[in-house]
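Each chain, letter by letter, is given below.
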Amino acid sequence: MSLFLIILQYQNPQILKFLKTIKTALISVYYKTGIDTIVALLKEQGVQIYSTGGTYDYIQRMDPTVKTVESLTSYPSILGGRVKTLHPKVFGGILGRTGLESDQREMAQYEIPAFDLVIVDLYPFEETVASTDDASTIIEKIDIGGISLIRAGAKNYNDVLIVPSRKHYDELIQLLRDGQGATSLEDRRRFACYAFAESSHYDSAIYNWFAKDDESRSLRITEAKGTVLRYGENPHQKGVFYGDMDAMFEKLHGKDLSYNNLLDLEAGLSLIREFDDTAFAILKHNNPCGIACRPTVKEAYLAALAGDPVSAFGGVLVCNRPIDLDAAEEINKLFVEVIVAPDYGPGVLDLLFTKKNRIVLRLKEDQYKRVTVKTALNGYLMEDRDLHTERLDDFKVVTQAAPSRAEIRDLIFANKVVKHSRSNAITLAKDQQLCASGIGQTSRIDALRQAIEKAKSFDFDLNGAVLASDAFFPFDDCVKLAHEAGITAIIQPGGSVRDQESIDCCDQHEISMVFTGYRHFKH
């Protein structure tokens, strides 16, 4: 008996009752990477391996004793490889129960070997969907035999260790080394859990592809990777992020990302991707408290900071250009939670790393879901992501005065910012800089009052500034207040039964106003 088993028996005398030594294995994998070490270990431990097709050819070079599944079933792979393992001698060997005498009699009668280990790596369905729109190619990457092997092995975890994906190879290798070919019931049950996670994720991906154009489809959301967060929105709440953060960010420095950090990053990246020019945004509680476009990163940062230097403390900084040393020297003067940018110039990281807890991220790929999902009542709300950004072609000038070229640039800028601010929202901008926002208010006039008061508190001159509203003006009171503040151009969706009152008020005060026809509520 190995030292490993002696220790296990000492810790729990009953454990040997549930240990199973691997004697026969079935391996059927799409990607062969990583299988070499496993085959070498199984060969060393005297395990008889059965395999299929290309997997057999690959293993045969390392272990000449490997047998084909066809030698067991007496049937060749047929229908262009669609049917290889779907046979009673294969599934009987996986599903047969060692503790049930009738199962053992039937397995002996039909000469069915018992499989103790099944290793599968499925056809790459999601990768295929991501790389082509050809339906016939996608259909052929729906795995039938592999998914059946996974479910069978998981169902009979009392007797079988099922490895459902190459991402579990390292754990299997450690298990084979530590247990010298023996697995515990706890091990097998854990891998069965992996198996059902894999099969449910795989089937959900297939369903979502088939149902992509069905508006009344069932909701199927599955993410294979979960990251436990320090806590949720508040310290007394648990929090988990489901998704692959590593695909989006390279974490260069700092503490772990929090639930609220992730919400701010979502808001910040959604906003910054609206801009082609060099842009810098500062986010607080999912709202932009500062954003500006300027020729250099340093200038953009300083202009964004000027929008609200108080709220910027402890904020999340997002830039769409690599951060250079000139900008970093200014950033380093402020306490911030997170900085994310496509890259960092020479000497920048050394400077930013001087703050121990500051989180510094390099944006790898700006990925985002095209739908959003929220819990509501006893169910879920799903909608298309708001991906519409108004352009000049969407503008309908409804007043006697038309906006100047400079005002049009600022109207486009302000409208992008208000789209990403909590409703009711008003943004004031001038020279491609956010002067102030009024956000999360229960009335539009209150949002405007808040924005004007805030802009004045930071000494902004609003004469010649523009105003963007995420929804229509229900009354002309916002126009009157905007005129008093010095605002000369307004952009809003339009659509109120009282639109004409606002238009007339603009004409009275020589304010230009454009309607876009698109509302951008954000709750």
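Coordinates for the structure precede this section.
Since the structure is predicted, the reported quantities are computational estimates derived from the model, not experimental observations. (Residues numbered from 1 in each chain as written. Predicted model: local features only at pLDDT ≥ 70, side-chain atom pairs only at ≥ 80, totals over all residues. Heavy atoms only, no water.)

**Student:** Break down the overall build of the protein chain for me, citing the residues and quoting the values.
**Tutor:** Regarding its fold elements, the protein chain presents 20 helices and 23 strands. Compactness check: the protein chain gives a C-alpha radius of gyration of 31 Å against a globular reference of 24 Å for 523 residues, more than 25% above the reference. Here the C-alpha coordinates of the protein chain stretch approximately 95 × 50 × 40 Å along the principal axes. For the protein chain, with 523 residues in total, the buried portion stands at 48%. (Helix = DSSP H or I, 4+ residues; strand = E, 2+ residues; numbered from the N terminus. Rg over C-alpha atoms; globule rule 2.2 N^0.38 Å. Buried < 20%, exposed > 50% of the residue type's maximum accessible area, 1.4 Å probe, protein only.)

**Student:** Provide a residue-level description of unusual backbone geometry, including the pertinent values.
**Tutor:** At the junction of Ser423 and Asn424, the peptide bond is cis and its omega measures out at -15° in the coordinates. With a phi close to 55°, Asp431 is a non-glycine residue in the positive phi region. In this fold, Asp431 is placed in the loop between strand S19 (426-429) and strand S20 (434-438). For Asp431, a relative accessible area of 52% translates into the label exposed. Despite not being glycine, Gln432 has its phi angle at roughly 60°, a positive value. When you line up the elements, Gln432 lands in the loop between S19 and S20.

**Student:** I'd like to hear about helix H5 (residues 88-95), residue by residue, with values.
**Tutor:** Within H5, burial applies to Val90, Phe91, Gly92, Gly93 and Ile94. Residues of H5 that are buried in the fold lie against strand S2 (24-29), helix H4 (69-73), helix H6 (101-109), strand S5 (117-121) and helix H9 (145-155). (Contact = heavy atoms within 4.5 Å.)

**Student:** Hey, could you go over the packing of helix H2 (residues 35-44) against helix H10 (residues 169-179) for me, with residue numbers and the actual values?
**Tutor:** One can describe the packing of H2 onto H10 by two numbers: an axis separation of 10 Å at closest approach and a directional angle of 20°. On the basis of their axis angle, the class for H2 and H10 is roughly parallel. Our pair here, H2 against H10, has a crossing hand that is left-handed. Each of Ile35, Thr37, Ile38, Leu41 and Leu42 in H2 lies in contact with H10, whose residues at this interface are Tyr169, Leu172, Ile173, Leu176 and Arg177. Considering only residue class, the contact of H2 with H10 consists of 8 nonpolar, 1 polar and 1 charged. (Axes fitted to C-alpha atoms, helices over the stretch in contact; angles between N-to-C directions. Parallel < 35°, antiparallel > 145°, perpendicular 65-115°, else oblique. Left-handed = near helix turned anticlockwise from the far one by under 90°. Nonpolar A, V, L, I, M, F, W, Y, C, P; charged D, E, K, R; others polar.)

**Student:** Tell me what's going on with the pairing of strand S16 (residues 371-376), and back it up with residues and numbers.
**Tutor:** Pairing geometry for S16 and strand S17 (residues 379-384), over 6 bridges, is antiparallel. Following the sheet pairing, Val373 is matched in S17 by Met382. Linking two consecutive strands that pair antiparallel, namely S16 and S17, is a turn of 2 residues; a positive phi of about 50° is found at Leu377 within it. (Pairing = 2+ DSSP bridges.)

**Student:** Summarise the side chain of Thr399; cite the residues concerned and give the values.
**Tutor:** In this fold, Thr399 is placed in the loop between strand S18 (396-397) and helix H17 (405-419). Classification of Thr399 as buried rests on a relative accessible area of 10%. A polar contact is formed between the side chain of Thr399 and the backbone oxygen of Ala401, at a distance of 2.7 Å. A distance of 2.9 Å separates a polar atom in the side chain of Thr399 from the backbone nitrogen of Met513. (Polar contact = N/O pair within 3.5 Å; in protein donor to acceptor, adjacent residues only side chain to side chain.)

**Student:** Tell me what's going on with the packing of aromatic side chains, and back it up with residues and numbers.
**Tutor:** The full count for this structure, using the stated rule, is 10 aromatic pairs. Measuring from ring centre to ring centre gives 5.6 Å for Phe275 and Phe413, while their planes differ by 50°; the resulting arrangement is tilted. Here Phe275, found in the loop between helix H13 (259-272) and strand S11 (279-284), pairs with Phe413, found in helix H17; they are 138 residues apart in sequence, far enough to count as distant. For Phe275, a relative accessible area of 8% corresponds to the buried category. According to the relative accessible area criterion, Phe413 is buried, its value standing at 1%. (Phe/Tyr/Trp six-rings, centres within 6.5 Å; stacked < 30°, edge-to-face > 60°.)

**Student:** Hey, could you go over the sheet that holds strand S14 (residues 336-341) for me, with residue numbers and the actual values?
**Tutor:** Adjacent strands of a sheet form backbone hydrogen bonds with each other and so pair up, either parallel or antiparallel. The strand order across the open sheet formed by 6 strands is S10-S15-S14-S13-S11-S12, and the pairing between neighbours is mixed. A single partner strand is all that each edge strand has here, and the edge strands are strand S10 (249-253) and strand S12 (287-293). When strand polarity is set aside, the average angle formed by the axes of neighbouring strands in this sheet is 20°. Strand direction decides the pairing type here: S11 and strand S13 (residues 315-319), joined by 4 bridges, are antiparallel. Counterpart to Ile282 in the pairing with S13 is Leu317. Against the sheet, helix H14 (residues 297-306) engages S11, S12 and S13, with an angle of about 35° to S11.

**Student:** Let's hear about the sheet that holds S2: which residues, and what values?
**Tutor:** One open sheet holds the 5 strands; their spatial order is S4-S3-S2-S5-S6, and the pairing between them is parallel. If you trace the sheet from one side to the other, it starts and ends with strand S4 (67-68) and strand S6 (161-163), each paired once. Bridge analysis of S2 against S5 gives 5 bridges, and the strand direction is parallel. For Val29, the partnering residue across the bridge sits in S5 and is Asp121. Its contacts with the sheet put H2 on S2, strand S3 (48-51) and S5, and the angle it makes with S2 is roughly 165°.

**Student:** Break down the pairing of S11 for me, citing the residues and quoting the values.
**Tutor:** Counting buried positions over the 6 residues of S11 gives 5, a clear majority of the element. Across 6 bridges, S11 lies against S12 in antiparallel orientation. In the sheet register, Ala279 faces S12, and the bridge partner there is Cys293. The turn linking S11 back onto S12 is made up of 2 residues, and His285 within it adopts a positive phi angle of 50°.

**Student:** Please give an account of the pattern of salt bridges that cites residues and values.
**Tutor:** Here the structure, examined in full by the defined rule, presents 24 salt bridges. For the salt bridge of Arg190 with Glu171, the shortest nitrogen-to-oxygen distance reads 2.7 Å. Of the two residues, Arg190 sits in helix H11 (residues 185-210) while Glu171 sits in helix H10, which places them 19 residues apart along the sequence. We classify Glu171 as partly exposed; its relative accessible area is 27%. Close ionic contact of Asp446 with Arg449 constitutes a salt bridge, the shortest N to O distance being 2.9 Å. With Asp446 and Arg449 both in helix H18 (residues 444-457) and 3 residues apart, the pair spans about one turn of that helix. (Salt bridge = Lys/Arg side-chain N within 4 Å of Asp/Glu carboxyl O.)

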